[in-house]
Amino acid sequence: MDYKQTLNLPQTDFPMKANLAQREPEMLKKWEEIDIYRKIRQTLKGNKPYILHDGPPYANGNIHLGTALNKIIKDIVIKSKNMAGFDGVYVPGWDCHGLPIEHQVDKELGAKKATMSQVEKRRSCRVYAEKYVGIQREQFKRLGVFGEWNNPYLTMAYPYEAATVAEFGKLYLNGSVYKGKKPVYWCATCKTALAEAEVEYADHQTPSIYVKFNFISDIAQVLPKLSGYKVSMVIWTTTPWTIPANLAIAVKNDFIYVAVKIDKDVLIVAKDMLDYCLDAFGYRNKSYEILDEFKGEVLEGQKCVHPLVKRNSLLILAPFVTLEAGTGAVHIAPGHGQEDYEIGLEYGLDNYAPVDDAGKFTEDVEHFAGQFVFDANDNVIKKLDEVGALLGHVPMQHSYPHCWRCKKPIIFRSTEQWFISMEKNDLRKKALACINQVKWIPSWGRDRIYGMVENRPDWCISRQRLWGVPITVFYCAKCKNEVMTKEILDNLVNLIEKGGADVWFEKEPKDLMPKHTTCPHCHSTEFTKEINILDVWFDSGVTHAAVLEKRPDLSSPCDMYLEGSDQHRGWFHSSLLESVGTRGRAPYKSVLTHGFVVDGDGKKMSKSVGNVIGAEEAIDKYGAEILRLWVAAEDYTDDIRISDEILKRLMEAYRRIRNTSRFILGNLYDFNVDKDAVPYEQMMEMDRWALHRLQEVIKRVTEAYERFQFHVVFYTLYNYCTVDLSALYLDVLKDRLYTNKAASTVRRSGQTTMFIILDAMTRLLAPILTFTSEDVWSAMPFWNKKEESIHLTQFPKVDDKYFNAELGDRWKTMIDAKSEIAKAVEQARKEKTIGHSLDARITIAAPEKLRALFATHLEDLRALLIVSQLQLAEEKDIAAPFKSAEIEGLIVGVEKARGSKCERCWIYEESVGSDAKHPTVCARCLPNL
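Residues numbered from 1 in each chain as written. Predicted model: local features only at pLDDT ≥ 70, side-chain atom pairs only at ≥ 80, totals over all residues. Heavy atoms only, no water.

> Before we move on, could you go through the pattern of salt bridges and cite the residues and values that matter?
Taken as a whole and assessed by the stated rule, the structure comprises 63 salt bridges. Notably, a salt bridge pairs E293 with K271, separated by 3.2 Å at the nearest N-O pair. Separated by 22 residues along the polypeptide, E293 in strand 12 (residues 289–295) and K271 in the loop between strand 11 (265–270) and helix 7 (274–281) bring together distant segments of the chain. Assessed through its relative accessible area of 38%, K271 is described here as partly exposed. (Salt bridge = Lys/Arg side-chain N within 4 Å of Asp/Glu carboxyl O. Helix = DSSP H or I, 4+ residues; strand = E, 2+ residues; numbered from the N terminus. Buried < 20%, exposed > 50% of the residue type's maximum accessible area, 1.4 Å probe, protein only.)

Written as structure tokens, this is what we have:
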């Protein structure tokens, strides 16, 4: 007889191979057909909402691993909140305006752009942005991300543009906005001002120079010891091109300075920097004499003559002068630096910046007119040398600001721009107070943004470009005053809501203003328009007003903003300032930050290095599911490493989880959930332990989801699958499942337990393994009220009925003993005493308490050990004893099992051969035939 036919062996159509790259699109199609996002929302209607507000990615180019990481984390948050019983809303959005799109469109248009109007160019930009919104939408959906994909928010949508204008208007009318001339970050390549968030720092080599400025004042009036000498102040700078704009020299009031005579020159430098300076000047071997030493404060108000220009340079005091490098005297050009500008205001200096939009010197700059500033460095140095003002010249490598778009070095340039004041209406003070009311995840995010807001200058919100929301301010053509009222603003917002921001460029001022508008200053009826557009960070910073406050199922402040750590100076920052400036509160209750994607060695990804992995490439090779697993497996609060090796390792982890699920499914082929489930009280004790252990896992995983610690979720479930289930419970359960009668209580008990475990495990994995959990759910046996999709279910809750600490402790003791006994079995296998563990007869001696436990659970322990025979004995009766080093008093003996091997269950039994009809089958199996 073929006894294999009498066993209940696993049966399932659930494939061992996932074929993710092929299967995932099929699942996406199914979800689209049933409109899964809408169904989830209907199921959760009336529950407490949870709103994660999407920071808009830029509508330019394909998604990359960084944007994939961001979207997957957001999706895990939303799905986990939905499954925790919240009504999780996710409205994706796109940032559609800005310079990169304008540049790309300019390239595509080529010579044609010269013949196009502003509005026509803007329409081309809109078409370009729409194209990439469509491309990226499909790429994000491919990742298994659920959301309102058919109704996203776009910063170029007419209602959104209208909301942006309304928000600017609120700030303007409450006095927060002003127009002023001051130094800003300026990209000469892009020909526009930049926000702090648009500036990146990178190493850059510049010439550092030491320049002497001869005193024109009679320095002997304050320093009599210098009477009769030709005296010079020595400054140091790493931007020689700013020397033509020098108006002052700053020293520190309490620093000690020295007047040093070298040859015929008397040079003034900080005393602590003297040796350093002598080296830099090449004077190390020259003899010198210190004529006088004095505090910096005595120099205030003295004047030097500019070495290249017929202009004086004023000696002033400044707190920012340091002794870290240079001479202790700082060259001041108020038009080319924030600190220079601020100290210049105190001393009434002109805000002078003789550089045009292209970064070239204007015509009034003698010697260097028309030269690009960085190109002029060498010429400035050469001219200083010619006039005898150059004391030293050393190339210097240092961190320098670059434009985030074109990657070129930028300049500080004083130009007329629009600003939001950090001091007017106490914006800085209020923003700092609001930061302390927000929950920052991780907590260091609070200190990071606090420091940025605490020290930042006024927000420059104007850009000299075309593709964006215009700064909607009118000017009186006659008296040149700004003209904006609540009535004008409301009229304009209404027009833009219907026709978009293009109306600003299409219509004349009179057509954009209410009829009969007159200038409140001179009563003229002729007006002009501002030509600058708003900073795109302002665009995205108003999403709380344009999206959260406008949609009925959203609200502000929302529960969470979630982006990369660079957004402390970007979207988190601009959103905070705009919301505090108009509403007096933050737009978010919590902010979660993740790191950047780096290669397997922790290095930044770069095409030139060849370590870039494309998002689409990874999906095609491994499937989106493995990318989702990668996101969950890493601690995203730090930089996230990725490589083919890491993905292959995760693929192996994925297979283990999948095969655990497959094993359970294979053993539920004849299990009717509604009819065959065994009540808890009738279950086998090991099954009750498995349910107790499951409650511990449920508790740990759901708490980890609440704390957004997805790596804890993954590793908890992975270890549960591999250690608790595959290597222990399911391994032990095989004998009971395969060999007992199909409908027996002992088998149904195991099936009931496996079903509860698989149901819980699949739900817990669903936010991470979006596709596989659905696959498993579909393959699970049907039961009454089974939901159409796993994503319409909720997390399992800890069931007190299954939670039994005493039972848990008892089985933990036996499992610990199993580990020690396994060492003795392994030793016997190495000595060829046995082959498989079922070949073994185990004899155990143990301390009284342990022995009592074993005595009452002898069959459980035998099954747990997967051996044929087990007995308790005294130590003296055990031949070749193995003594446990971990459990005191545990002695184990291993010998060959007695009797013959049952052909059906493979266990050795002395009863084999006792039945004439079935001579190769044990007495245990006979009733099951």
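> Explain the pairing of strand 17 (residues 411–420) to me, using residue names and the numbers behind them.
Most of strand 17 is tucked away: eight of the 10 residues are buried. The sheet contact formed by strand 17 and strand 19 (residues 459–460) spans two bridges and is antiparallel. Opposite F419, over in strand 19, you have C460 as the bridge partner. (Pairing = 2+ DSSP bridges.)

> Before we move on, can you summarise the environment of T793 with the specific residues and values?
With respect to the helices and strands, T793 occurs in the loop between helix 25 (770–779) and helix 26 (805–830). Between the alpha carbons of T793 and L44 there is a distance of 9.9 Å; along the sequence they are 749 residues apart. At a separation of 2.6 Å, a polar atom in the side chain of T793 contacts the main-chain carbonyl oxygen of I790. (Polar contact = N/O pair within 3.5 Å; in protein donor to acceptor, adjacent residues only side chain to side chain.)

> How would you explain the sheet that holds strand 6 (residues 192–194) if you had to name every residue and give the values?
Reading across the sheet, the four strands line up as 6-5-17-19 and stay open at both edges, with antiparallel pairing between neighbours. Either end of the sheet is taken by a strand with one partner, and the two such strands are strand 6 and strand 19. Strand direction decides the pairing type here: strand 5 (residues 177–187) and strand 17, joined by 10 bridges, are antiparallel. Looking at strand 17, one finds that W186 is bridged to I411.

> Run through the pairing of strand 11, naming residues and quoting values.
The buried count for strand 11 comes to six of six residues, which makes it a mostly enclosed element. With three bridges connecting them, strand 8 (residues 231–237) and strand 11 associate as parallel partners. Within strand 11, the position partnered with M233 by the bridge is I268. In the sheet, strand 10 (residues 256–262) pairs with strand 11 via six bridges, with the strands oriented antiparallel. Opposite A259, over in strand 11, you have I268 as the bridge partner. The hairpin formed by strand 10 and strand 11 contains two residues between the paired strands, and D263 there has a positive phi angle of roughly 55°.

> How would you summarise the nonpolar core if you had to cite specific residues and measurements?
Ranked by size, the top nonpolar core spans 238 residues in total, and within it L576, Y588, W630, Y729 and I842 carry the most contacts. Excluding anything up to four places from it in sequence, I842 contacts I821, V825, V867, Q869, L870, Q871, V892, G893 and V894. Formed by 74 residues, the second largest nonpolar core is a distinct cluster that contains V211, Y283, L299 and A376. (Core = buried A, V, L, I, M, F, W, Y, C linked by side-chain atoms within 4.5 Å. Contact = heavy atoms within 4.5 Å.)

> With reference to specific residues and values, describe the packing of aromatic side chains.
A complete count under the given rule lists 34 aromatic pairs for this structure. Residues F474 and W504 carry aromatic rings whose centres are separated by 5.0 Å and whose planes lie at 50° to one another, so their mutual orientation is tilted. Here F474, found in strand 21 (residues 474–476), pairs with W504, found in helix 13 (residues 502–506); they are 30 residues apart in sequence, far enough to count as distant. A relative accessible area of 0% means that F474 is categorised as buried. For W504, a relative accessible area of 2% translates into the label buried. Here the aromatic rings of F714 and Y715 are separated by 4.7 Å at their centres, their planes lie at 65°, and the arrangement is edge-to-face. (Phe/Tyr/Trp six-rings, centres within 6.5 Å; stacked < 30°, edge-to-face > 60°.)

Function cannot be read off these values alone, since they describe shape.
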